[in-house]
Amino acid sequence: MTITEDTTTVADGNGNAELGRARRRKEDQRLITGRTRWTDNITLPGMLHIAMVRSPFAHARIASINTEEARAARNVVAVFTGEDLKDVQGVNANAWPITADQVTPTHLPMAVERVACAGEIVACVVARSAAAARDAAELVDVDFEELPPVLDMKEALKDEVLVHPDLGTNRSALWTLDSQEAGTGDDVDAAIEAARADGVVIEREFRQQRLIPAFMEPRSVVVDPTGEQITMWSATQIPHILRFLLALTTGVAESKIRVVAPDVGGGFGGKLQTTPEEFIAFAVARQLGKPVKYSETRSESLVSGHHGRDQWQKLTLSATKDGTVTGFKVELLADLGAYVALVGGGVPVLGAWMFNSIYKFPAYRFSVQTVLTNKTWVDAYRGAGRPEATFGVERMMDELANEVGMDPLELREKNWIKHEEFPFTTVAGMTYDSGNYEAATARAKELFGYDELRAEQQRRRESNDPVQLGIGISTFTEMCGLAPSRVLGQLSYGAGGWEHATIRMLPTGKVEVVTGTSPHGQGHETAWSQIVAERLGVPFEDVEVLHGDTQISHKGLDTYGSRSLVVGGEALVLAADKVIEKAKVFASHLLEASEEDLEFSGGRFGVRGTDKGMTLAEISTACFTGHNLPEDVEPGLDAEATYDPVNFSFPHGTHLCAMEVDTETGATTMRSYVCVDDIGVVVNPLIAEGQVHGGLVQGIAQALWEGAEYDENGTLVTGSFVDYTLPTAADTISFVTDRTVSPSTTNTLGTKGVGEAGTIASTPAVVNAIVDALRPMGVHDVPMPCTPERVWRAIQSGGAERQVDSSGDAQPHFDAGAPNQDTPEQEGGAQ
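(A) Local environment of the sheet that holds strand β27 (residues 668-678). Strand order across the open sheet formed by 4 strands is β18-β26-β27-β28, with mixed pairing between neighbours. In the strand order of this sheet, the two ends are held by β18 (467-477) and β28 (736-739), each with one partner. Each strand of the sheet is rotated relative to its neighbour by a mean of 10°, with strand direction disregarded. Inspection of the sheet shows strand β26 (residues 652-662) paired to β27 by 10 bridges, in the antiparallel sense. Across the sheet, the residue bridging to Gly653 is Asp677, located in β27. Sheet strands in contact with helix α15 (residues 450-462) are β18, β26 and β27, and its direction is about 145° off that of β18.

(B) Broad picture of the nonpolar core. Formed by 94 residues in total, the largest nonpolar core has its most connected members in Trp175, Phe328, Trp353, Phe366, Tyr673, Val766 and Ile770. Among the elements that line this core, the one with the most residues is helix α21 (residues 757-774), at 8 residues. Ignoring any residue separated from it by four or fewer positions in sequence, one finds Ile770 in contact with Met659, Val661, Thr668, Leu704, Val782, Cys786 and Val791. Ile531, Val579, Ala593 and Ile619 belong to the second largest nonpolar core, which has 43 residues in total.

(C) Quick look at the sheet that holds strand β24 (residues 613-615). Reading across the sheet, the 3 strands line up as β22-β23-β24 and stay open at both edges, with antiparallel pairing between neighbours. At either end of the open sheet lies a strand with only one pairing partner, and these are β22 (598-601) and β24. Between one strand and the next, the sheet's axes are offset by a mean angle of 20°, whatever the strand orientation. Judged from the 3 bridges that link them, strand β23 (residues 604-607) and β24 form a sheet pairing that is antiparallel. For Arg604, the partnering residue across the bridge sits in β24 and is Thr615. Where helix α18 (residues 564-591) meets the sheet, it contacts β22, β23 and β24, and its direction lies at approximately 45° from that of β23. Running over the sheet, helix α19 (residues 616-625) touches β22, β23 and β24 and is turned about 80° from β24.

(D) Geometry of α19. Those residues of α19 that fall on the buried side of the exposure criterion are Leu616, Ile619, Ser620, Ala622 and Cys623. Along the long axis of α19, the arc covered by the buried residues comes to 160°, so they all point the same way. On its buried face, α19 sits against β19 (499-505), α17 (524-536), α18, β22, β23 and β24.

(E) View of the pattern of salt bridges. One pass over the structure, following the stated rule, counts 56 salt bridges. Arg219 is the salt-bridge partner of Glu277, the closest N and O atoms lying 3.6 Å from each other. On the criterion of sequence distance, the pair formed by Glu277 in helix α9 (residues 276-288) and Arg219 in the loop between β8 (200-211) and β9 (220-224) is long-range, its members being 58 residues apart. Looking at Glu277, the relative accessible area reads 3%, which means it is buried. Measuring nitrogen to oxygen at the nearest pair gives 3.1 Å for the salt bridge that ties Glu421 to Lys360. Placement of the pair is Glu421 in the loop between α13 (408-415) and β16 (424-425) and Lys360 in the loop between α11 (347-350) and β15 (364-372), with a sequence separation of 61 residues.

Cut-offs used in this document
Residues numbered from 1 in each chain as written. Predicted model: local features only at pLDDT ≥ 70, side-chain atom pairs only at ≥ 80, totals over all residues. Heavy atoms only, no water. Pairing = 2+ DSSP bridges. Helix = DSSP H or I, 4+ residues; strand = E, 2+ residues; numbered from the N terminus. Axes fitted to C-alpha atoms, helices over the stretch in contact; angles between N-to-C directions. Contact = heavy atoms within 4.5 Å. Core = buried A, V, L, I, M, F, W, Y, C linked by side-chain atoms within 4.5 Å. Buried < 20%, exposed > 50% of the residue type's maximum accessible area, 1.4 Å probe, protein only. Arc of directions from axis to C-beta. Salt bridge = Lys/Arg side-chain N within 4 Å of Asp/Glu carboxyl O.

Dropping the structure here:
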């Protein structure tokens, strides 16, 4: 899909509708010309700089810390250890205890007695320049007593080496959803046993490798304690939540804390966190009474910013011999790293409602055991639990199709929810409000040339072409919005799912929009202006969007989980409607007409059957002067609204990928990629298209290139972009994209969310394509990332990748499924 900017101007609010217009982002001009304000650009009078001293060991006791040489260094103002700050530094909190008995280690921003992962902070140096602070940090002498680490999830389950000895176990929590117990489906064990007797059972174990969010702008924080409030600027996705947790854990009154998220250069969930560095900077500024700044290096970001994914998936799918699914059992082992992060324990739980995906499983059970290891803590990364689920179920549907001898698209269509069946309550208890999987798939097949590529694939197989062609499929859905609040409460989530917005009508007729969402690349300033401009009938250019500052936006729950449009956008609509209702009262008085005779269109109230009327701008001016207002009515049109969704939203789509695999070298080449997404009503196609493209690259990168790897000592060996292989534009192809539209029925705008769709769907599409190319050689899995070496090893195994067939007879396979074993040689060293 090629989208060009719609440059039509709307001079008076009566022109083209704003929703659906491909406007360039308002933000872009300042961003691409360098006239923006990143946190690291902020300089305050008398500001000091912080450098962190980090543990090189994954597990160690802190025997002593000698700071004398560092304190004596030129331009050094102070050196702090954990012992110095232990009473004032606060705590990095876990906001989502997934069970009542969850084992949650205390996560101090600066370690006091022990470190549990490499990169953990043990001291900090404060100096008059960043260079002086970094140099002096090298002079801090820390005597560590190194302890054995536990890095493998399955080994951690044995509790032979404890990440936190005081807790007595590495097992954090076991969370389960069973369709029979919930009353939403049948007994999954019975379904599987019945299929073993007369049907098909597929059992597989897949590895979701550890990933690093690798946002464009490294994290930075500035704290100024010199005013009436303590002001923190931070490269964060969550200024409101950060303010709340600073107050909650440090004892400083919330009213005395202001948090500002200025321009933020990406996040992907990696800035959905309250970081040790933020708490340390806050504590140091309070201790010294002076402004301080900390900006991380890229290496610090990779080793100590939270990571994502990192699961073992043991999956069992049962079906009849004709391919009709009858049950699905999901058993996850999820690595939390050294601590339970802000929502870290809850991220794999989100997959509970998505492993069943778009398919009508009659029976289902999901369980996840979270486990602590001596690695960097894990939390949300673009998609957060839903990419992992989609990968699992889409890989299994391909395995089932191969087992029963069906085309994998036909198998999916046989089992998915038909468009006439919506709304549909799934076996996991979630009600999907709308969708049309048939339409998206038909369009994707057309754009992809599916039948032609299958014919070419057959010709290559028959001729034993050394370069085989594979076709990968991913038909997915996801849940967006992370709401409603009552559901989150039932899940023990520490916040709500609502969002807030304020609309201020200025005396000149211009409009200020204050939103509780906090963008970091999504284009909210543009899209929110479009929503408000259309609703109020005012020019797009007359709308200004304010965000990211808790002093200006006093109420909000920030940006993550594709929630901003479907929740924050609806708050805007409610506030705009309140403005119109307020204005109607004034218009009735000023026009000397009853409210019933007024019509509102294009930003103007008109008296039905006459040419009399007033614009919102004129009414706003009249409110400002206050010269002629109704009795007992306060002047002003400003309005605010809080919206709490009644349900999640459920975008979906069909992604098709063609991969060429050189069977002699293991090299893979993407030949074509087509995706047709249904994201509901689109506010700005240009922004939506950018979100899809960015998401596709991140999901494809997990399949082909990315992976955070540790050595046997717990050292991150992919600690720079030399070793952590992020793709560039040169590594990807031009994608073919399109959309179908089935509007959401649970919100006014009909929107569904798009920020994570590409990432969720693309990974299984790519891996399925690679495996499909190699199936004639007996290959049934290639562990991610599917590097040429791993693909070559799978080919050389000549079928040894196969795990368990439908009869339950074990076949030779790599040891991914063996209890308590990771195989560094075969897993490329990834732990």
